[in-house]
Amino acid sequence: QVQLVQSGPELKKPGASVKVSCKASGYPFNNYGLTWLRQAPGQGPEWMGWISTFNDNRNFAQNLQGRVTLTTDPSTNTAYMELRNLQSDDTAVYYCARDWGPIDHWGQGTLVTVSS
Amino acid sequence: EIVMTQSPATLSLSPGERATLTCRASQTVSSSLAWYQQRPGQAPRLLIYGADIRATGVPARFTGSGSGTEFTLTISSLQSEDFAVYYCHQYYDWPRTLGRGTKVDIK
């Protein structure tokens, strides 16, 4: 079955960076894009960006462009999201999700807490 | 970017009642519209895509409709497991955007 397994929770100080991994299994990795979203406490999901696993094309949310990097490693069916210069309002659960337009499978989420 | 506006923010209903949730797009998204359900502590779950196509395993009581800028999710008879938050999502244009959600809670 389709699974997206994310790395564990992170505690970071303001100004630091975080890198979250997402290992996909149960489907051909190169056949679907991967979207990253985040959800702050009590808020709805916020779309962050998307990467094609076929040709590495990317699209980003305007408010995050320049601070976020999306990469993939097809040899291990793993995607990565790096967010730099973390601030307290980046505290959220970060999700990777399989994307073919609609998003049909989600990772379990990774809690990133930014606190001094 | 396309702004997705959901209404109402909260819908208080009893089990067995009909729920009607609305999503409006600031410009056309054609039929590139999905609905998700999120229960507390869980990741969202895809319910509807293509505005009116139920995802695999989604009960028939969930119906999506609309096109262009106006969309509706109807739950014909609320079951206990349906009390949750629902989000719409447009995948017509970049950047993708989601609405802020409608919480369906027990009256």
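Coordinates for the structure precede this section.
Residues numbered from 1 in each chain as written. Chains lettered and ligands numbered in written order. Predicted model: local features only at pLDDT ≥ 70, side-chain atom pairs only at ≥ 80, totals over all residues. Heavy atoms only, no water.

(A) Main features of the overall build of chain B. When its secondary structure is counted, chain B shows zero helices and eleven strands. Traced from its N-terminal end to its C-terminal end, chain B shows the element sequence β-β-β-β-β-β-β-β-β-β-β. Since a compact globule built from 107 residues should have a radius of gyration of about 13 Å, the 13 Å found for chain B is in line with a globular shape. Viewed in the frame of its principal axes, chain B has a C-alpha envelope of about 35 × 25 × 25 Å. The burial tally for chain B puts 49% of its 107 residues in the buried class. When the accessible surface of chain B is summed, it comes to about 4900 Å², and 46% of that surface belongs to carbon and sulfur atoms. With 10 positive and 8 negative side-chain charges, chain B shows a separation of 4 Å between the mean positions of the two kinds. (Helix = DSSP H or I, 4+ residues; strand = E, 2+ residues; numbered from the N terminus. Rg over C-alpha atoms; globule rule 2.2 N^0.38 Å. Buried < 20%, exposed > 50% of the residue type's maximum accessible area, 1.4 Å probe, protein only. Areas by Shrake-Rupley, 256 points an atom, 1.4 Å probe, with all protein chains shown as cover. Lys, Arg positive; Asp, Glu negative; His and termini not counted. Charge placed at Lys NZ, Arg CZ, Asp CG, Glu CD.)

(B) Seen up close, the packing of aromatic side chains. Scanning the model with the defined rule gives seven aromatic pairs over all chains in all. Pairing Trp-50 of chain A with Trp-94 of chain B gives two aromatic rings, centres 4.8 Å apart and planes at 40 degrees, and the pair type is tilted. Taken together, the residues span two chains, with Trp-50 of chain A in strand 5 (residues 46-51) and Trp-94 of chain B in the loop between strand 9 (85-90) and strand 10 (97-98). Ring centres of Trp-100 of chain A and Tyr-49 of chain B lie 5.1 Å apart, and the angle between their planes is 75 degrees; on these two criteria the pair is classed as edge-to-face. With Trp-100 of chain A in the loop between strand 9 (92-99) and strand 10 (103-106) and Tyr-49 of chain B in strand 5 (residues 45-49), the pair connects residues from two separate chains. In this structure Trp-100 of chain A comes out as partly exposed when scored by relative accessible area, which is 40%. Through a chain of ring-to-ring contacts, three or more aromatic side chains come together here, namely Trp-47 and Trp-50 of chain A together with Trp-94 of chain B. Positioned above the aromatic ring of Tyr-27 of chain A, the side-chain terminus of Arg-98 of chain A is 4.8 Å from the ring centre. Directly above the ring of Tyr-32 of chain A sits Arg-98 of chain A, whose terminal nitrogen or CZ lies 3.8 Å from the centroid. (Phe/Tyr/Trp six-rings, centres within 6.5 Å; stacked < 30°, edge-to-face > 60°. Lys NZ or Arg CZ within 6 Å of the ring centre and 35° of its normal.)

(C) Representation of the sheet that holds strand 3 (residues 18-25) of chain A in the model. Residues and elements named next belong to chain A. Strands sit in the order 1-3-8-7 across an open sheet of four strands; the sheet is antiparallel. Looking at strand neighbours, the two that pair on one side only are strand 1 (3-6) and strand 7 (68-73), the edges of this open sheet. The mean inter-strand angle of the sheet, taken between neighbouring strand axes irrespective of direction, is 20 degrees. (Pairing = 2+ DSSP bridges. Axes fitted to C-alpha atoms, helices over the stretch in contact; angles between N-to-C directions.)

(D) Inspection of unusual backbone geometry at higher detail. Residues and elements named next belong to chain B. Here the bond from Ser-7 into Pro-8 is cis, since omega is -10 degrees, no more than 30 degrees from zero. The residue Pro-8 is located in the loop between strand 1 (4-7) and strand 2 (10-13) in this model. With an omega dihedral of -10 degrees, the bond running from Trp-94 to Pro-95 counts as a cis peptide bond. Here Pro-95 lies in the loop between strand 9 and strand 10. For Ser-30, which is not glycine, the phi dihedral falls at a positive 55 degrees. Note that Ser-30 resides in the loop between strand 3 (19-25) and strand 4 (33-38).

(E) Layout of the nonpolar core. In terms of nonpolar packing, the biggest core is built from 39 residues, with Leu-21, Trp-35 and Tyr-86 of chain B touching the most fellow members. Once residues within four sequence positions are removed from consideration, Tyr-86 of chain B is found in contact with Gln-6, Leu-21, Tyr-36, Gln-37, Leu-47, Phe-62, Leu-73, Ile-75, Gly-101, Thr-102 and Val-104 of chain B. Counting residues in each nonpolar core, the second largest holds 25 residues, with Val-2, Leu-4, Val-20 and Trp-36 of chain A among its members. (Core = buried A, V, L, I, M, F, W, Y, C linked by side-chain atoms within 4.5 Å. Contact = heavy atoms within 4.5 Å.)

(F) Up close: the pairing of strand 7 (residues 62-67) of chain B. Residue and element names in this part refer to chain B. For strand 7 and strand 8 (residues 70-75), the ladder comprises six bridges, and the chain directions are antiparallel. Counted as the bridge partner of Thr-63 is Thr-74 from strand 8. Hairpin connection, strand 7 to strand 8: the antiparallel pair is bridged by two residues, and Gly-68 has positive phi, about 80 degrees.

(G) Structural view of the side chain of Thr-22 of chain B. If you trace the backbone, Thr-22 of chain B turns up in strand 3. Apart from residues lying up to four places away in sequence, Thr-22 of chain B is in contact with Thr-5, Gln-6, Ser-7, Trp-35, Phe-71 and Thr-72 of chain B.

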